[in-house]
Amino acid sequence: WWQYPNIYSLLDELNLKQSEVLTPFTRSGFYTPKGLFTQAPIFSDLPRLPAPFAQALYTSALFTDLSFSARITIVGLLLQMIRYKSSEEMYLRYDKMT
């Protein structure tokens, strides 16, 4: 909800205090038939780091049933994201891959 300023405007319009209506952030849990698989971190509570390194670092410990060999596959994605530069040429290059 914090990403939507219209929520704050509505609360103001209704004379409601944000602290009385909005709850603190909580982690979302993702489950498989075996049980809890992972949780989503609350990034706003963590030090800011460049993406995608922050996501890889902050989520790696939250996967409860993921082998090391499965975890290490993120390396390929990280390398591609390091190489990626936001330009028209790169958008066209990556569009051809998808």
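Just above, that's the structure.
Residues numbered from 1 in each chain as written. Predicted model: local features only at pLDDT ≥ 70, side-chain atom pairs only at ≥ 80, totals over all residues. Heavy atoms only, no water.

### Details of the overall build of the chain
Next, step 1: Helices and strands together make up the secondary structure of the chain, namely 6 helices and 2 strands.
Next, step 2: By its C-alpha atoms, the chain is 50 × 40 × 25 Å across when sized along the principal axes.
Next, step 3: The buried share of the chain, reckoned over its 98 residues, is 11%.
Next, step 4: Taking the contacts inside the chain whose residues are at least 6 apart along the sequence as the reference set, 22% of them involve residues at least 24 apart.
Next, step 5: When the accessible surface of the chain is summed, it comes to about 8,300 Å², and 61% of that surface belongs to carbon and sulfur atoms.
Next, step 6: The centroid of the 9 positive side-chain charges in the chain is displaced by 14 Å from the centroid of its 8 negative side-chain charges. (Helix = DSSP H or I, 4+ residues; strand = E, 2+ residues; numbered from the N terminus. Buried < 20%, exposed > 50% of the residue type's maximum accessible area, 1.4 Å probe, protein only. Contact = heavy atoms within 4.5 Å. Areas by Shrake-Rupley, 256 points an atom, 1.4 Å probe, with all protein chains shown as cover. Lys, Arg positive; Asp, Glu negative; His and termini not counted. Charge placed at Lys NZ, Arg CZ, Asp CG, Glu CD.)

### What to know about a nonpolar patch on the surface
Next, step 1: A cluster of nonpolar side chains, namely Phe 53, Phe 68, Ile 72, Ile 74, Val 75, Leu 77, Leu 79, Met 81 and Ile 82, defines an oily patch on the protein surface of about 810 Å² accessible area.
Next, step 2: No other element matches the 6 residues that helix α5 (residues 74-83) contributes to the nonpolar patch.
Next, step 3: Positionally, Ile 72 belongs in the loop between α4 (68-71) and α5. (Patch = residues over 30% accessible without salt bridge, like charges linked within 9 Å, V, L, I, M, F, W, Y side chains within 5 Å. Salt bridge = Lys/Arg side-chain N within 4 Å of Asp/Glu carboxyl O.)

### Some words on the pairing of strand β2 (residues 35-39)
Taken residue by residue, a regular strand's side chains alternate between the two faces of the sheet.
Next, step 1: Bridge count for strand β1 (residues 29-32) against β2 is 4 bridges, and the pairing is antiparallel. Pairing of Phe 30 across the sheet is with Thr 38, part of β2. (Pairing = 2+ DSSP bridges.)

### Details of the environment of Leu 57
Next, step 1: Tracing the sequence through the fold places Leu 57 in helix α3 (residues 53-60).
Next, step 2: We classify Leu 57 as exposed; its relative accessible area is 51%.
Next, step 3: For the pair Leu 57 and Gln 39, spaced 18 residues apart in the sequence, the C-alpha separation amounts to 13 Å.

### Digging into the side chain of Thr 38
Next, step 1: Mapped onto the elements, Thr 38 comes out in strand β2.
Next, step 2: On the basis of relative accessible area, Thr 38 is assigned to the buried category, the value being 8%.
Next, step 3: In this structure, Thr 38 is in contact with Ser 28, Gly 29, Phe 30, Leu 62 and Phe 63, ignoring residues within four places of it in sequence.

### Things to note about unusual backbone geometry
Next, step 1: One non-glycine residue, Asn 15, lies in positive phi territory at about 55°.
Next, step 2: Position of Asn 15 among the secondary structure elements: in the loop between α1 (5-13) and α2 (18-21).

### Focus on the packing of aromatic side chains
Next, step 1: In total, this model carries 1 aromatic pair according to the counting rule given.
Next, step 2: Seen in terms of ring centroids, Phe 43 and Tyr 58 are 6.3 Å apart; in terms of plane orientation they differ by 55°. Their pairing is tilted. Of the two residues, Phe 43 sits in the loop between β2 and α3 while Tyr 58 sits in helix α3, which places them 15 residues apart along the sequence.
Next, step 3: You can call Phe 43 partly exposed: its relative accessible area is 37%.
Next, step 4: Looking at Tyr 58, the relative accessible area reads 17%, which means it is buried. (Phe/Tyr/Trp six-rings, centres within 6.5 Å; stacked < 30°, edge-to-face > 60°.)

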